[in-house]
Amino acid sequence: MPVVDKPLAELREYRGTNPKPDDFDQYWARALAELGATDPKLELLPNRALRTPKAETFDLRFTGVGGARVYAKYLRPVNAVRPHPALLKFHGYGGNGGDWSSALGYVGAGFSVALLDVRGQSGMSEENSQVSGTTFNGHIVRGLDDAPDKLLFRQIFLDTAQLARVVMALPEVDENRVGAFGGSQGGALTLACAALE
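Residues numbered from 1 in each chain as written. Predicted model: local features only at pLDDT ≥ 70, side-chain atom pairs only at ≥ 80, totals over all residues. Heavy atoms only, no water.

J.: For this particular structure, what's the right way to read a nonpolar patch on the surface?
T.: Together, Leu8, Leu11 and Tyr14 make up an exposed nonpolar region whose accessible area comes to about 280 Å². Tracing the chain through its elements places Leu8 in helix H1 (residues 8-13). (Patch = residues over 30% accessible without salt bridge, like charges linked within 9 Å, V, L, I, M, F, W, Y side chains within 5 Å. Areas by Shrake-Rupley, 256 points an atom, 1.4 Å probe, with all protein chains shown as cover. Salt bridge = Lys/Arg side-chain N within 4 Å of Asp/Glu carboxyl O. Helix = DSSP H or I, 4+ residues; strand = E, 2+ residues; numbered from the N terminus.)

Rendered as C-alpha coordinates:
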(Lines give C-alpha, C1' and ligand atoms only; values in the text may rest on other atoms or scores of the structure.)
Protein backbone atom coordinates (compact mmCIF):
# COMPACT_ATOMS: atom_id res chain seq x y z
CA MET A 1 0.00 0.00 0.00
CA PRO A 2 1.47 3.39 -0.96
CA VAL A 3 2.26 5.93 1.70
CA VAL A 4 0.70 9.35 1.09
CA ASP A 5 0.90 12.45 3.24
CA LYS A 6 -2.35 14.11 2.16
CA PRO A 7 -5.90 12.98 1.46
CA LEU A 8 -6.54 12.08 -2.18
CA ALA A 9 -8.76 15.14 -2.78
CA GLU A 10 -5.91 17.45 -1.65
CA LEU A 11 -3.32 15.59 -3.73
CA ARG A 12 -5.43 16.15 -6.84
CA GLU A 13 -5.21 19.91 -6.27
CA TYR A 14 -1.58 20.03 -5.07
CA ARG A 15 0.68 22.12 -7.31
CA GLY A 16 4.02 21.71 -5.53
CA THR A 17 6.06 23.99 -3.32
CA ASN A 18 7.63 26.11 -6.05
CA PRO A 19 5.01 28.45 -7.47
CA LYS A 20 5.41 29.90 -10.93
CA PRO A 21 7.52 33.08 -10.69
CA ASP A 22 5.67 36.34 -11.36
CA ASP A 23 7.96 37.13 -14.32
CA PHE A 24 7.83 33.63 -15.86
CA ASP A 25 6.00 34.65 -19.04
CA GLN A 26 8.17 37.75 -19.53
CA TYR A 27 11.34 35.67 -19.01
CA TRP A 28 10.41 33.24 -21.80
CA ALA A 29 9.07 36.02 -24.04
CA ARG A 30 12.54 37.66 -23.81
CA ALA A 31 14.19 34.31 -24.48
CA LEU A 32 12.06 33.68 -27.57
CA ALA A 33 12.73 37.23 -28.80
CA GLU A 34 16.46 36.53 -28.44
CA LEU A 35 16.02 33.28 -30.34
CA GLY A 36 14.05 35.06 -33.07
CA ALA A 37 16.90 37.55 -33.46
CA THR A 38 19.48 34.76 -33.75
CA ASP A 39 20.31 33.90 -37.36
CA PRO A 40 20.61 30.09 -37.37
CA LYS A 41 23.20 30.17 -40.18
CA LEU A 42 22.10 26.70 -41.23
CA GLU A 43 24.78 24.38 -42.56
CA LEU A 44 23.60 21.10 -44.07
CA LEU A 45 26.44 19.02 -45.47
CA PRO A 46 26.24 15.46 -46.82
CA ASN A 47 27.75 12.84 -44.53
CA ARG A 48 28.87 9.50 -45.91
CA ALA A 49 29.22 7.72 -42.55
CA LEU A 50 26.17 5.58 -43.31
CA ARG A 51 25.58 4.35 -46.83
CA THR A 52 22.15 3.03 -47.58
CA PRO A 53 19.97 3.27 -50.69
CA LYS A 54 16.98 4.37 -48.59
CA ALA A 55 18.39 7.37 -46.64
CA GLU A 56 20.39 10.51 -47.26
CA THR A 57 22.52 11.58 -44.28
CA PHE A 58 23.71 15.06 -43.37
CA ASP A 59 25.67 16.93 -40.73
CA LEU A 60 23.34 19.73 -39.65
CA ARG A 61 24.73 22.73 -37.78
CA PHE A 62 22.97 25.88 -36.66
CA THR A 63 23.71 28.82 -34.40
CA GLY A 64 21.96 28.85 -31.06
CA VAL A 65 21.54 31.73 -28.64
CA GLY A 66 24.87 32.96 -27.38
CA GLY A 67 26.53 32.09 -30.69
CA ALA A 68 27.21 28.40 -30.04
CA ARG A 69 27.24 26.13 -33.08
CA VAL A 70 24.87 23.25 -32.39
CA TYR A 71 25.10 19.90 -34.17
CA ALA A 72 22.52 17.32 -35.19
CA LYS A 73 22.58 14.30 -37.44
CA TYR A 74 19.90 14.67 -40.10
CA LEU A 75 18.49 11.84 -42.19
CA ARG A 76 15.83 11.98 -44.86
CA PRO A 77 14.26 9.30 -47.01
CA VAL A 78 15.39 9.02 -50.61
CA ASN A 79 12.54 9.69 -53.07
CA ALA A 80 10.08 10.54 -50.28
CA VAL A 81 6.82 12.32 -50.90
CA ARG A 82 7.34 16.06 -50.41
CA PRO A 83 6.46 17.53 -48.07
CA HIS A 84 6.63 14.72 -45.52
CA PRO A 85 6.68 14.47 -41.69
CA ALA A 86 9.77 14.85 -39.52
CA LEU A 87 10.89 13.83 -36.05
CA LEU A 88 13.27 15.48 -33.60
CA LYS A 89 15.03 13.11 -31.19
CA PHE A 90 16.53 14.36 -27.93
CA HIS A 91 18.91 12.17 -25.93
CA GLY A 92 19.31 11.42 -22.23
CA TYR A 93 21.56 13.44 -19.92
CA GLY A 94 25.27 13.18 -20.71
CA GLY A 95 24.73 11.33 -23.96
CA ASN A 96 24.64 12.36 -27.59
CA GLY A 97 22.32 12.04 -30.57
CA GLY A 98 23.24 8.40 -31.03
CA ASP A 99 24.19 6.30 -34.00
CA TRP A 100 22.93 7.08 -37.49
CA SER A 101 21.35 3.66 -37.74
CA SER A 102 19.07 4.37 -34.76
CA ALA A 103 16.92 6.57 -37.04
CA LEU A 104 16.64 4.23 -40.03
CA GLY A 105 13.31 2.72 -38.95
CA TYR A 106 11.73 6.18 -38.94
CA VAL A 107 13.32 7.09 -42.26
CA GLY A 108 11.99 3.83 -43.71
CA ALA A 109 8.51 4.89 -42.57
CA GLY A 110 8.83 8.15 -44.52
CA PHE A 111 10.09 10.57 -41.84
CA SER A 112 13.04 12.89 -41.89
CA VAL A 113 14.83 12.70 -38.53
CA ALA A 114 17.13 15.09 -36.64
CA LEU A 115 19.21 13.68 -33.77
CA LEU A 116 20.38 16.59 -31.59
CA ASP A 117 23.71 16.61 -29.74
CA VAL A 118 22.90 18.68 -26.64
CA ARG A 119 25.51 21.38 -26.07
CA GLY A 120 27.93 20.72 -23.25
CA GLN A 121 27.38 16.97 -23.25
CA SER A 122 28.99 14.10 -25.17
CA GLY A 123 28.32 15.17 -28.72
CA MET A 124 29.67 17.59 -31.30
CA SER A 125 27.79 20.76 -30.27
CA GLU A 126 29.67 23.74 -28.84
CA GLU A 127 29.11 24.93 -25.30
CA ASN A 128 30.51 28.44 -25.14
CA SER A 129 28.67 30.03 -22.21
CA GLN A 130 30.70 31.95 -19.68
CA VAL A 131 29.08 31.96 -16.26
CA SER A 132 29.98 32.70 -12.68
CA GLY A 133 29.74 29.96 -10.10
CA THR A 134 30.26 26.27 -9.80
CA THR A 135 29.85 23.54 -12.38
CA PHE A 136 31.37 20.92 -10.07
CA ASN A 137 28.22 18.80 -9.86
CA GLY A 138 27.41 18.87 -13.53
CA HIS A 139 25.88 21.00 -16.21
CA ILE A 140 22.39 20.81 -14.75
CA VAL A 141 23.34 23.69 -12.43
CA ARG A 142 25.62 25.58 -14.83
CA GLY A 143 24.79 29.28 -14.53
CA LEU A 144 22.74 28.91 -11.34
CA ASP A 145 24.93 31.44 -9.51
CA ASP A 146 24.74 33.93 -12.37
CA ALA A 147 21.93 35.87 -14.09
CA PRO A 148 18.87 33.76 -15.03
CA ASP A 149 19.49 34.45 -18.73
CA LYS A 150 22.82 32.60 -18.43
CA LEU A 151 21.41 29.27 -17.26
CA LEU A 152 22.79 26.54 -19.51
CA PHE A 153 19.48 24.75 -19.69
CA ARG A 154 17.81 27.96 -20.89
CA GLN A 155 20.19 27.81 -23.87
CA ILE A 156 19.56 24.09 -24.35
CA PHE A 157 15.76 24.56 -24.24
CA LEU A 158 16.11 27.30 -26.87
CA ASP A 159 18.32 24.99 -28.98
CA THR A 160 15.43 22.51 -29.18
CA ALA A 161 13.13 25.27 -30.44
CA GLN A 162 15.76 26.47 -32.92
CA LEU A 163 16.19 22.91 -34.24
CA ALA A 164 12.41 22.63 -34.65
CA ARG A 165 12.35 25.92 -36.58
CA VAL A 166 15.26 24.83 -38.80
CA VAL A 167 13.71 21.44 -39.60
CA MET A 168 10.23 22.89 -40.18
CA ALA A 169 11.74 25.33 -42.71
CA LEU A 170 13.38 22.59 -44.81
CA PRO A 171 11.64 22.27 -48.19
CA GLU A 172 11.05 18.52 -47.85
CA VAL A 173 9.35 18.80 -44.43
CA ASP A 174 5.66 19.39 -43.76
CA GLU A 175 5.91 21.99 -40.99
CA ASN A 176 2.53 20.90 -39.61
CA ARG A 177 3.65 17.29 -39.12
CA VAL A 178 6.74 17.54 -36.92
CA GLY A 179 7.04 15.60 -33.67
CA ALA A 180 9.64 15.25 -30.96
CA PHE A 181 10.57 12.46 -28.57
CA GLY A 182 13.26 11.29 -26.19
CA GLY A 183 13.85 9.48 -22.94
CA SER A 184 15.00 10.86 -19.58
CA GLN A 185 16.49 14.31 -20.27
CA GLY A 186 15.22 13.82 -23.83
CA GLY A 187 11.66 13.60 -22.56
CA ALA A 188 12.08 16.87 -20.67
CA LEU A 189 13.59 18.50 -23.78
CA THR A 190 10.62 17.25 -25.79
CA LEU A 191 8.26 19.07 -23.42
CA ALA A 192 10.39 22.22 -23.53
CA CYS A 193 10.50 22.13 -27.33
CA ALA A 194 6.73 21.68 -27.59
CA ALA A 195 6.13 24.54 -25.16
CA LEU A 196 8.51 26.93 -26.91
CA GLU A 197 7.77 26.11 -30.55
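What follows picks up the thread again.
J.: What's the story with the packing of aromatic side chains in this structure? I'm lost.
T.: The relative placement of two aromatic rings is captured by the distance of their centres and the angle of their planes. Applying the stated criterion across every chain, the model contains 5 aromatic pairs. Ring geometry for Tyr27 against Trp28: centres 5.1 Å apart, planes inclined by 90°, an arrangement best described as edge-to-face. Trp28 shares its class with Tyr27; the two are buried. Pairing Tyr106 with Phe181 gives two aromatic rings, centres 5.3 Å apart and planes at 50°, and the pair type is tilted. Note that Tyr106 is positioned in helix H3 (residues 104-108) and Phe181 in strand E6 (residues 173-182), a separation of 75 residues in sequence. The exposure class of Phe181 is partly exposed, given its relative accessible area of 25%. For the cation-ring pair, Lys73 lies above Trp100, with the distance from its terminal atom to the ring centre recorded as 5.9 Å. Over the aromatic face of Tyr27 sits the side chain of Arg154, whose NZ or CZ is 5.9 Å from the ring centroid. (Phe/Tyr/Trp six-rings, centres within 6.5 Å; stacked < 30°, edge-to-face > 60°. Buried < 20%, exposed > 50% of the residue type's maximum accessible area, 1.4 Å probe, protein only. Lys NZ or Arg CZ within 6 Å of the ring centre and 35° of its normal.)

J.: Before we go on, may I ask you to explain the sheet that holds strand E2 (residues 55-63) in this structure?
T.: Sheets are built from strands that pair by backbone hydrogen bonding, the pairs being arranged parallel or antiparallel. On the basis of which strands lie adjacent, the open sheet formed by 6 strands has the order E1-E2-E3-E5-E4-E6 and mixed pairing. A single partner strand is all that each edge strand has here, and the edge strands are strand E1 (43-46) and E6. Taken pair by pair, the neighbouring strands of this sheet meet at an average axis angle of 25°, ignoring direction. Examined bridge by bridge, strand E4 (residues 84-90) and E6 share 6 bridges and lie parallel to one another. Bridge pairing links Lys89 to Phe181 in E6. Of the strands in this sheet, E2, strand E3 (69-77), E4, strand E5 (112-117) and E6 are in contact with helix H4 (residues 152-168), which crosses E2 at around 130°. (Pairing = 2+ DSSP bridges. Axes fitted to C-alpha atoms, helices over the stretch in contact; angles between N-to-C directions. Contact = heavy atoms within 4.5 Å.)

Honestly, that's just the spatial picture; any functional story needs more than this.
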